[in-house]
Amino acid sequence: MLFRSGSMHSYQFENVRLILAQPNWQIRESLKSRLLYEGFRDIFTTDKLQHLRREVSRSAPDLIIADTGLPGGDVCDLFHGVRHHLVGENPFLPIIAVSRSTEAPVVHKVIDSGADDLLAMPISSERLIERIVNLVQRRKPFIVTSDYIGPDRRKDRRGESA
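Residues numbered from 1 in each chain as written. Predicted model: local features only at pLDDT ≥ 70, side-chain atom pairs only at ≥ 80, totals over all residues. Heavy atoms only, no water.

J.: Can you help me understand the environment of Arg-58 in this one?
T.: In this structure, Arg-58 sits in helix α2 (residues 49–59). Judged by its relative accessible area of 58%, Arg-58 falls in the exposed class. A sequence separation of 31 residues divides Arg-58 from Glu-89, and the C-alpha atoms of the two residues are 8.6 Å apart. (Helix = DSSP H or I, 4+ residues; strand = E, 2+ residues; numbered from the N terminus. Buried < 20%, exposed > 50% of the residue type's maximum accessible area, 1.4 Å probe, protein only.)

Structure below.
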């Protein structure tokens, strides 16, 4: 939970450039309202993958929250492109994916794309804020292999490699 001023933790999100990509306008506007309430001020919203791709490429965002069901292509390809420095300027850009499907192939595709987190629909705005705060407090270290760039999801950490 995000604590307000005077509590244990206080976060200032007003300078965070956030992209919220959600095809359902009611969900998009509801989440945007909550994000504004939490202090985000620079929020770009869209309902299409092409607009998301353009905005990531031109605006140097600090956080992406994107639904996997965006029309116009596969959002996981965009996530992969961000991680492999093919889209945008920051391959370490925090990415939270949202999906209506919890089927194993969909979950694995999102994970393999390098997204930091995956939320299953329906989501509450409180849960989304918790996940954002979790990224701020405990973002997983990144690993780079021949076919994957993204958060290290291994249960057992390996020793340092040369």
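J.: So what exactly am I meant to see when it comes to helix α5 (residues 125–138) here?
T.: Every α-helix winds through 3.6 residues per turn, so residues three or four apart in the chain are directed the same way. An ideal rise of 1.5 Å per residue puts 20 Å on 14 residues; α5 measures up with 20 Å between its terminal C-alpha atoms. Those residues of α5 lying buried are Ser-125, Leu-128, Ile-129, Arg-131, Ile-132, Val-133 and Leu-135. Check the buried side of α5 and you find it contacts α1 (25–37), β3 (63–67), β4 (95–99) and β5 (117–120). (Expected span 1.5 Å × (residues − 1). Contact = heavy atoms within 4.5 Å.)

J.: I tried to follow the packing of α1 against α5 on my own but got confused; where do I start?
T.: Two numbers describe a pair of packed helices, the interaxial angle and the distance between the axes. Two numbers describe how α1 lies on α5: the axes approach to 10 Å, and their chain directions differ by 55 degrees. In terms of axis orientation, α1 runs oblique to α5. Relative to α5, α1 is oriented so that their crossing is right-handed. Contacts between α1 and α5 involve Leu-31, Arg-34 and Leu-35 from the first element and Ser-125, Glu-126, Leu-128, Ile-129 and Ile-132 from the second. Partitioning the contact of α1 with α5 into residue classes produces 5 nonpolar, 1 polar and 2 charged. (Axes fitted to C-alpha atoms, helices over the stretch in contact; angles between N-to-C directions. Parallel < 35°, antiparallel > 145°, perpendicular 65-115°, else oblique. Left-handed = near helix turned anticlockwise from the far one by under 90°. Nonpolar A, V, L, I, M, F, W, Y, C, P; charged D, E, K, R; others polar.)

J.: Please explain the packing of α2 against helix α3 (residues 75–83) as it appears in this structure.
T.: Packing of α2 against α3 brings their axes to within 10 Å, and their N-to-C directions diverge by 10 degrees. As judged from the angle between their axes, α2 and α3 are roughly parallel. Along the contact surface, α2 presents Leu-49, Leu-52, Arg-53 and Val-56, while α3 presents Val-75, Leu-78 and Val-82. Grouping the constituent residues of the contact of α2 with α3 by class yields 6 nonpolar, no polar and 1 charged.

J.: When you look at the side chain of Glu-55 in this model, what are you seeing that I'm missing?
T.: In this structure, Glu-55 sits in helix α2. Dropping the residues within four chain positions of it, Glu-55 is found in contact with Arg-17, Ile-19, Phe-44, Ala-60 and Pro-61.

J.: Help me out: how do you make sense of the pairing of β4 in this one?
T.: Both faces of the sheet carry side chains from a regular strand, because those side chains alternate between them. Across the 5 residues of β4, 5 count as buried, placing the element largely inside the fold. Residues Ile-95, Ala-97 and Ser-99 of β4 are buried on one face, and the alternating residues Ile-96 and Val-98, pointing to the opposite face, are buried as well. Bridge count for β3 against β4 is 4 bridges, and the pairing is parallel. Residue Asp-67 lies in a different strand from β4, and its bridge partner there is Val-98. For the segment spanning β3, α3 and β4, crossover handedness is right-handed. Pairing of β4 with β5, which is carried by 4 bridges, proceeds in the parallel orientation. Note that in β5 the partner of Ser-99 across the bridge is Ala-120. Each parallel crossover has a hand, and for β4 linked through helix α4 (residues 104–113) to β5 it is right-handed. (Pairing = 2+ DSSP bridges. Right-handed = clockwise from strand over helix to strand, strands pointing away.)

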